[in-house]
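Coordinate analysis (summary)
The lines below spell out each chain.
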Amino acid sequence: MYEFIYCWLVTALLSLLVAARDGFGAIQACNPPDTYWALALLYRPFGKRFVYDQHDLNPEVFLSRFGAPKSTGARVQFGALRWLEKMTYRTAHEVISTNESYQHRAEPRRA
């Protein structure tokens, strides 16, 4: 958790520096982690677009590694992954999938 928070905060700081120095028109982020949608929301009022380059289906990765969540902690983690993915899809202006099977999974989740 520490690594993700630290990475997100440093990325946010660097994005502010780039925005002030050079400006930019879009944010492109890939996963994991599915957390940069929050950064994209900060820039949305300024007309910045968000392109999500999906490399992994994180809920499916969780299931393949740990199986169906049985404990409360596992269910919370799995639910958090699904919520983060949903927020990423909702925030993205465009989604790039690495292959057609990912695209077919992503399309109904974007709705």
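The structure contained in this document is the topic of the report that follows. None of these values were measured; they are calculated from a predicted model.

The next thing to look at is the pairing of strand β2 (residues 49-54). Alignment of strand β1 (residues 26-30) against β2, held across five bridges, turns out to be parallel. Bridging across to β2, alanine 26 finds its partner in arginine 49. What joins β1 to β2 is helix α2 (residues 37-43), and the crossover it makes is right-handed. Looking at chain direction, β2 and strand β3 (residues 94-97) are connected through four bridges and run parallel. Counterpart to valine 51 in the pairing with β3 is glutamate 94.

What follows deals with the side chain of glutamine 54. Relative to the helices and strands, glutamine 54 is located in strand β2. Of the polar contacts made by the side chain of glutamine 54, one reaches the backbone oxygen of aspartate 56; its length is 3.4 Å. Not counting residues within four places of it along the chain, the set of residues in contact with glutamine 54 comprises Asn31, Glu85, Tyr89, Ile96, Ser97, Thr98, Tyr102 and Ala106.

Our focus in this paragraph is the sheet that holds β1. An order of β1-β2-β3 is seen for the three strands of this open sheet, with the pairing classed as parallel. Lying at the two open borders of the sheet, with one neighbouring strand each, are β1 and β3. Averaged over all neighbouring strand pairs, the angle between strand axes comes to 20°, with direction disregarded. Together, β2 and β3 form the strand contacts of helix α4 (residues 72-91), whose direction differs from that of β2 by roughly 135°. Running over the sheet, helix α5 (residues 100-110) touches β2 and β3 and is turned about 155° from β3.

Next up on the list: the layout of surface pockets. Of the volumes computed, that of the largest pocket is approximately 650 Å³. Mapped onto the lining of the largest pocket, the elements with two or more residues apiece are α1 (2-21), α3 (58-66) and α4. The greatest single-element share of the lining of the largest pocket, amounting to five residues, is contributed by α3. When grouped by side-chain class, the residues that make up the lining of the largest pocket number twelve nonpolar, three polar and three charged.

The rules behind these values
- The residue count restarts for each chain, going from 1 along the sequence in the order it is written.
- Local features in this predicted model are restricted to residues of pLDDT 70 or higher, and side-chain atom pairs are both shown and tallied only at a pLDDT of 80 or more, whereas totals for entire chains, interfaces and linings draw on every residue.
- Excluded from the side-chain calculations are hydrogens and water; all other atoms, namely the structure's heavy atoms, are used.
- The pairing criterion is simple: DSSP has to find at least two bridges between the two strands.
- Under the DSSP-based scheme used, a helix requires at least four consecutive residues in state H or I and a strand at least two consecutive residues in state E, with every element numbered from the N terminus.
- Assignment of crossover handedness uses the view with strands pointing away from the viewer, where a clockwise path from the first strand over the helix to the second indicates a right-handed crossover.
- Polar contacts here mean pairs of N or O atoms no more than 3.5 Å apart (in protein, one a potential hydrogen donor and the other a potential acceptor; neighbouring residues in sequence count only if both atoms are side-chain atoms).
- We call two residues in contact when some of their heavy atoms are within 4.5 Å.
- Every angle, taken between N-to-C directions, lies between 0 and 180 degrees, and every axis is a line fitted to C-alpha atoms, over only the stretch in contact when it is a helix.
- In this analysis a 1.4 Å probe is tested at points of a 1 Å grid over the protein atoms alone, and where it fits but cannot get out there is a cavity; an open set with protein on both sides within 12 Å along at least five of seven lines is a pocket; lining residues have an atom within 4 Å of a point.
- Grid points are joined across faces, edges and corners, and a volume is the space filled by probe spheres set on the points.
- In the scheme used here, Gly and all other residues not listed as nonpolar or charged are polar, with Ala, Val, Leu, Ile, Met, Phe, Trp, Tyr, Cys and Pro taken as nonpolar and Asp, Glu, Lys and Arg as charged.

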